[in-house]
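Descriptive structure summary
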Amino acid sequence: MKIISVVGARPNFMKIAPIHKAIQLHNKKIAADSPVSHHTSNITHLLCHTGQHFDFNMSKVFFDELGLPEPDFYLGVGSGSHAQQTAGIMIEFEKILLNEKPDLVIVVGDVNSTIACSLTACKLNIKVAHIEAGLRSFDRSMPEEINRILTDSISDYLFVTEKSGIDNLKREGIPDEKVFFVGNVMIDSLINLLPKADESGILSSLGLTKENYIAATIHRPHNVDFKEKLSEIIGMLNRLAEKRKIVFPVHPRTKKSMDNFGLMKNIHNNVILTDPLGYIDFISLIKNSELIITDSGGIQEESTFLGKQCITCRPTTERPVTVETGTNHLVGDDFRTAEITANEILSGKIKHGVIPPLWDGKASERIVEIIINSFAH
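All of the points below concern the structure found in this document. If you're wondering where the values come from, they're calculated on a predicted model, not measured in any experiment.

Observations concerning the nonpolar core
In terms of nonpolar packing, the biggest core is built from 57 residues, with Ile106 and Phe159 touching the most fellow members. Not counting residues within four places of it along the chain, the set of residues in contact with Phe159 comprises Ala129, His130, Ile131, Glu132, Ala133, Phe180, Val182, Ile367, Ile370 and Ile371. Of all hydrophobic cores here, the second largest spans 28 residues; its members include Leu237, Ala241, Ala342 and Ile345.

Let's talk about the sheet that holds strand E5 (residues 127-133)
What the seven strands build is an open sheet, ordered E3-E2-E1-E4-E5-E6-E7; its pairing is parallel. Edge positions in the sheet fall to strand E3 (73-74) and strand E7 (179-181), since each of these pairs with one other strand and no more. As paired strands, strand E6 (residues 157-160) and E7 are joined by three bridges and run parallel to one another. Within E7, the residue paired with Leu158 across the bridge is Val179. Running at roughly 160° to strand E1 (residues 2-7), helix H1 (residues 10-31) makes contact with E1, strand E2 (44-49), strand E4 (104-108) and E5 of the sheet. Against the sheet, helix H16 (residues 363-376) contacts E1, E4, E5, E6 and E7, and its axis sits at roughly 160° relative to E6.

Some points on the pairing of strand E8 (residues 213-217)
Most of E8 is tucked away: five of the five residues are buried. Burial along E8 is two-sided: Tyr213, Ala215 and Thr217 facing one way and Ile214 and Ala216 facing the other are all buried. Pairing analysis gives three bridges linking E8 to strand E9 (residues 245-249), with the strands arranged parallel. Looking at E9, one finds that Ala215 is bridged to Val247. Note that E8 and strand E11 (residues 291-294) share four bridges and pair parallel. Within E11, the position partnered with Ile214 by the bridge is Leu291.

Some details on the environment of Met236
Its place among the elements puts Met236 in helix H10 (residues 227-240). With a relative accessible area of 1%, Met236 lands in the buried category. Between the C-alpha atoms of Met236 and Glu339, which are 103 residues apart in sequence, the distance is 6.2 Å. When neighbours within four sequence positions are excluded, Met236 is seen to be in contact with Ile293, Phe335, Ala338 and Glu339.

Considerations on the sheet that holds strand E10 (residues 271-274)
Sheet strands pair via backbone hydrogen bonds, and the direction of the pair is either parallel or antiparallel. The parallel open sheet is built from six strands, whose spatial order is E10-E9-E8-E11-E12-E13. In the strand order of this sheet, the two ends are held by E10 and strand E13 (328-330), each with one partner. The average angle at which neighbouring strand axes cross in this sheet is 20°, direction not considered. Summarising the sheet, E9 and E10 pair through four bridges and their orientation is parallel. Across the sheet, Phe248 pairs through a bridge with Leu273, a residue of E10.

Thresholds, definitions, all that
- Residues numbered from 1 in each chain as written.
- Predicted model: local features only at pLDDT ≥ 70, side-chain atom pairs only at ≥ 80, totals over all residues.
- Heavy atoms only, no water.
- Core = buried A, V, L, I, M, F, W, Y, C linked by side-chain atoms within 4.5 Å.
- Buried < 20%, exposed > 50% of the residue type's maximum accessible area, 1.4 Å probe, protein only.
- Contact = heavy atoms within 4.5 Å.
- Pairing = 2+ DSSP bridges.
- Helix = DSSP H or I, 4+ residues; strand = E, 2+ residues; numbered from the N terminus.
- Axes fitted to C-alpha atoms, helices over the stretch in contact; angles between N-to-C directions.

Now the structure itself:
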């Protein structure tokens, strides 16, 4: 059996790494002539990096830290408009599929690489598995939402992280036999790398004290592409910096806007700007923080698992379980509300959450077992 897994943007790497590890474990069982070898065979697992994220700290360092091998294929599409990226990936990925003829393509998340590669595989009658299926923000102005909906509609295996995903797919008419509630592969990576994160020296290198600083990440286009909005965000961070140090790993998109708008000079001394961090350092940073302020998707999940207070500066979330039972505060895109919520949390008004079902570090094992059993039959 041959599988090609696709990665393109930073969050994809953490989701494919545990899948690769689970496949390796399966192959070791085959080699050891375990009982599983009587009804299934070795899996050839190939990795395709589309190059959607091309900055070293947004890409290569993740391969090194996560134990992923060098990609078997690198498309090198780089930046560009959504149409340019998607078209470029499809053209190059089609060549790989025609040459390799895999049995299955695995895509993860909701980036342009996800829809581009799933669509290309589907049109060649190659089965597609979508990891992190069914998540919906119900905001179609987000490119990611379009990618999610389209990918789910053409996938053969839809692996779901939380109950809302099952409900959304059922509402959209996806047959039940395609949908599998398996848990969260992002949490698999987090659990696997927590011991290394505990050895990270990032706090001492930045002069931070545990539980006495704020971690911030802001990169969504609607937050950083407009001077007025980005100025509002920086104003909020500057005011909060009067009370706590703030560590702000700056996404390339955010940095470009800050430079273009001349906002770098306005940053408070207690706001520590860094380049994007590797995954191990970043996990250490959020695990030891008092509060996280973000507009990211995955950080909502990681903070809920770690029991950390998280303020999500977006009108909607595609991960409602992090708000309903986790430690995530969804405050919309009004940063005055975010600041009020942050001050309440810093004053001790915190949200007590629970870890969602099946976020136990074994999602990738369930996924690989389902795929193996399906192809064996």
